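Take a look at the letters that make up each chain.
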Amino acid sequence: MPALVVKCVILIRWTPINLASALQCELSWIEAMEAGNGPIPDELAAWLEALADVHSQLPPLRSFRGRRSEV
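None of these values were measured; they are calculated from a predicted model.

The rules behind these values
- Residues numbered from 1 in each chain as written.
- Predicted model: local features only at pLDDT ≥ 70, side-chain atom pairs only at ≥ 80, totals over all residues.
- Heavy atoms only, no water.
- pLDDT = per-residue confidence, 0-100.
- Helix = DSSP H or I, 4+ residues; strand = E, 2+ residues; numbered from the N terminus.
- Expected span 1.5 Å × (residues − 1).
- Buried < 20%, exposed > 50% of the residue type's maximum accessible area, 1.4 Å probe, protein only.
- Arc of directions from axis to C-beta.
- Axes fitted to C-alpha atoms, helices over the stretch in contact; angles between N-to-C directions.
- Parallel < 35°, antiparallel > 145°, perpendicular 65-115°, else oblique.
- Left-handed = near helix turned anticlockwise from the far one by under 90°.
- Contact = heavy atoms within 4.5 Å.
- Nonpolar A, V, L, I, M, F, W, Y, C, P; charged D, E, K, R; others polar.

A.B. asks: How should the confidence of the model for the protein chain be read in this particular structure?
C.D. replies: In low-pLDDT segments, the atomic positions of the prediction should not be examined closely. Averaged over every residue, the pLDDT of the protein chain is 88; the share at 70 or more is 99%. Helix H1 (residues 3-11) is the least confidently modelled element of the protein chain, averaging 83 in pLDDT, while helix H2 (residues 16-23) averages 94, the highest of any element.

A.B. asks: Just checking my understanding: could you explain helix H4 (residues 42-57) for this structure?
C.D. replies: Because an α-helix packs 3.6 residues into every turn, residues spaced three or four apart end up facing the same way. Along its 16 residues, H4 runs 23 Å from first to last C-alpha, staying within 8% of the 22 Å computed at 1.5 Å per residue. Turning to H4, its buried residues number three or more, namely Leu44, Ala45, Leu48 and Ala52. In an axial view of H4, the angular spread of the buried residues amounts to 95°, which keeps them on one side of the axis. Counted as exposed and oriented over 90 degrees from the buried face of H4: Asp42, Glu43 and Gln57.

A.B. asks: Explanation requested: unusual backbone geometry in the structure shown.
C.D. replies: With the exception of glycine, the majority of residues adopt a negative phi angle, and the majority of peptide bonds are in the trans configuration. Unlike most non-glycine residues, Arg13 shows phi in positive territory, near 60°. Position of Arg13 among the secondary structure elements: in the loop between H1 and H2. According to the relative accessible area criterion, Arg13 is exposed, its value standing at 74%. In this structure, Gln24 is a non-glycine residue whose phi angle is positive, near 55°. You can see Gln24 is positioned in the loop between H2 and helix H3 (27-34). Given a relative accessible area of 76%, Gln24 falls into the exposed group.

A.B. asks: Hey, could you run me through the packing of H1 against H4 in this one?
C.D. replies: When two helices pack together, their arrangement is given by the angle between the helix axes and the distance between those axes. For the pair H1 and H4, the least separation of the axes is 9 Å and the interaxial angle reads 45°. Considering their axes alone, H1 and H4 lie oblique with respect to each other. In this structure, H1 meets H4 at a crossing whose hand is left-handed. On H4, the residues that touch Leu4, Val5, Cys8, Val9 and Leu11 of H1 are Ala45, Leu48, Glu49, Ala52 and Ser56. A class-by-class count of the residues in the contact of H1 with H4 yields eight nonpolar, one polar and one charged.

A.B. asks: Explanation requested: the environment of Gly38 in the structure shown.
C.D. replies: Take Gly38: it is sitting in the loop between H3 and H4. By relative accessible area, Gly38 is classed as partly exposed at 24%. Along the chain, Gly38 and Arg13 lie 25 residues apart, while their C-alpha atoms are 22 Å from each other. Other than its neighbours up to four places away in sequence, Gly38 contacts Ala32 and Met33.

What follows is the structure, given as C-alpha cells:
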C-alpha cells in the first residue's frame, strides 16, 4: 500500500482483516494491495484518509486496561 494509506490504517488501528471486514471484501484483495500487487482505488484511499483525519482530531481515550464487568 502506498505509505499514506498504510499510515492511515495504522492510525485507525486496523489490521488487514479489520479492513476486509469493514469493506466486506476478500482478505486476499487487501493483502494484494498491501503487497503492492494491486492498485488502491482512489475512493478507498480517500475514505481511509478521512477516517484517519477524524481519529487524529479526537482527544486520547482514557485507558480501560484491567476494566471488569460489575455484574
